[in-house]
Every structure is written in C-alpha cells, then in structure tokens.
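Understanding the architecture of this molecule
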Amino acid sequence: MSKVIACIDGSQVAMDVCDAAAWASLKMRAPLDLLHVLDKDEYPKAGNRNDLSGNIGLGSREHLLEELTELDAKRSKLALEHGKHMLDDARKRVEADGAEAVSTHQRHGSLLETLQEAEEDMRLLVMGRQGEAHGNQAHSLGSHLENVVRAMHKPIMVVVPGFRAPTRFMFAYDGSKTAQKALDKLVQSPLLKGLECHLVMVAEDDDKHMNDLKSAEQKLAAAGYQVKTKLKQGDVQAVLSAYQQQYAIDLLVMGAYGHSRIRQFLVGSNTAKMVRLSNISMLLLR
C-alpha cells in the first residue's frame, strides 16, 4: 500500500510537518513513514580517510589529517544519534495526532536520491518549506525542497509553521495542461474530500477563461465538492494572497512546475513564487 512519507529534520517547522503528515495519513487511510536523511556531504561516513588523503602537501601532517577524520566520524555519529531522537519525538507526535501504522527510517546519503528510490511506494510527500539551515527566515525556500519539487512526480505538501487541519482550500487554476492534470488528481484523491473548495482563476475575463473555469467547476462538483468559483485579474501572487486572507483559506492547491526542460528551471515561475511567499501550507500536484 502506498505511503505518506514525511521528511523529519531539526527545523522550526518539523512538528508542523508531523501534524500535517498525520492528518494526511488519516484522510487517505495510508501508512505513514517518518524519514530522516543525514546529508552525506555535510556529514561524511565514518572511515572515509580517503576524503582527506588528497590534501597531503606543503605543510600537511598525516597525523593531523587522521585527527580530522576521527572528528568527522564522531560528528557524524552524534548527528545520526540526534536524528534517531528526532524520529522518536516525531513518532510520538503523529501517534498523539491519531496516526496509525507509523514507521521510521534513517538514511545517510542524499535526500533527493533517497526520495527517488522510495517514489514508487509513495502516495504523498510532506516537507517543511525551510530546512534546519534557514532558522526563522519566514519566506526562504530550502534548496532541498526546490530540487525535490522539480524532480519528483508525486504530490508534495509543503508545510509552513502554524499548520492546522484545513477546513477549506483554494485551487489555483489556470486552464493549462499542468492544471488539468492537477485537477484530475484532485478529484481522484480522498485527501480533500469534505472540505470547502474555492476554485480561483487569475486571468483575463473572457469567454475562454470562463468556459475553462466552468468546466473545472463541473468536474469538481461531479466528484462531490461544494465549489465556489472566482475569476479575477491582476498579479497572480497578490490576487491569490488577498483571496486567501479574505476567505480564511487554510490550504493552497496548485499544479507544480510544467514538464518541459525550460519551464522546470524558470526561477520566476508562479509556482516557485507562491511556495516562497505563501503564508499557508500548499499542496503541489504533478
């Protein structure tokens, strides 16, 4: 059975990630896997003396290199132990939230590679918007998150501090192929069933966009959603943010990056901008 996988670290948003993952696991009736990955570049594995052997040159002393290697090994060991404690705390948190069938995993390597290996058995990925290195920087975007969003092909919930189980969500729809695929995934998933749905399009007020919006509304209504629609003009991020505040939206849903190589690397895309600036958690659908 496909899992909800939650990435656990020492960031400020880690407990919110736990709450979001537990909520999603219960809504989808899916097992929950808590994952901690110790970055192999920051914390090299013990015994890799070869990592420093190339530094032997003018002024180098082999015994000093050996001591550095030992320090790296101790640092990695402590970080792994700290990660285990974080996973233990995370497990207690999600079980207190009511999650069942909870498992924990720890890996020493690359986060992206680890997630790609697990993608086949993944139903939803839950991550914090900022990692440990970003502290309290409210609208920063973790480099791991950006790489994961671009590379993965499963839905990703991007969590910000203050997560609470949503009662209403906004689906940012633009009629594109990416948005159409996101719409199809939305109607097929139990994750947001029973929540108030706001279908919002930011575009010119013309017949084409009205027809696109009506078609999407009909598909959502057929899936059992109570839908409120709105076609508005202006800057995408500003319009959606204003709408979110006006209607107390708890969760923003939108299609992730397009599939073309050019679109995937457009730093100024609406998706990247919304992920960075949104004050609420987001569900990105591929």
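Residues numbered from 1 in each chain as written. Predicted model: local features only at pLDDT ≥ 70, side-chain atom pairs only at ≥ 80, totals over all residues. Heavy atoms only, no water.

1. Details of the confidence of the model for the chain
Of all residues in the chain, 82% have pLDDT values of 70 or greater, and the mean over the chain is 85. Across residues 259-268, confidence stays below pLDDT 50; counting only partners more than four residues off in sequence or on other chains, it has 16 contacts. (pLDDT = per-residue confidence, 0-100. Contact = heavy atoms within 4.5 Å.)

2. What to know about the pattern of salt bridges
All told, the structure shown has nine salt bridges when counted by the stated rule. Arg93 is the salt-bridge partner of Asp19, the closest N and O atoms lying 2.8 Å from each other. With Asp19 in helix H1 (residues 14-28) and Arg93 in helix H3 (residues 62-96), this pair connects stretches of sequence that are 74 residues apart. Note on Asp19: relative accessible area 15%, which makes it buried. What makes Arg93 partly exposed here is its relative accessible area of 31%. One salt bridge in this structure joins Glu217 and Lys214, with 3.7 Å as the shortest N-O distance. Here the residue Glu217 and the residue Lys214 both occupy positions in helix H7 (residues 207-222), the gap between them amounting to three residues, near one helical turn. Connected via shared salt-bridge partners are Arg168, Glu196 and Lys228. (Salt bridge = Lys/Arg side-chain N within 4 Å of Asp/Glu carboxyl O. Helix = DSSP H or I, 4+ residues; strand = E, 2+ residues; numbered from the N terminus. Buried < 20%, exposed > 50% of the residue type's maximum accessible area, 1.4 Å probe, protein only.)

3. Comments concerning H1
Compared with an ideal rise of 1.5 Å per residue, which puts 15 residues at 21 Å, H1 spans 21 Å between its outermost C-alpha atoms and is within 8% of the ideal. Within H1, 12 of the 15 residues are buried, which leaves the element mostly enclosed by the surrounding structure. Every buried residue of H1 is accounted for by Ala14, Asp16, Val17, Cys18, Asp19, Ala20, Ala21, Ala22, Trp23, Ala24, Ser25 and Met28. Once H1 finishes, Arg29 follows within two positions and takes phi at roughly 50°, a positive value. (Expected span 1.5 Å × (residues − 1).)

4. Notes on the environment of Leu285
Note on placement: Leu285 falls in strand E10 (residues 281-285). For Leu285, a relative accessible area of 4% translates into the label buried. Each C-alpha atom, one on Leu285 and one on Ala182, is 5.1 Å from the other, the two residues being 103 residues apart in sequence. Every residue in contact with Leu285, bar those within four places of it in the chain, is listed here: Pro155, Ala182, Leu186, Val253, Met254, Gly255 and Ala256.

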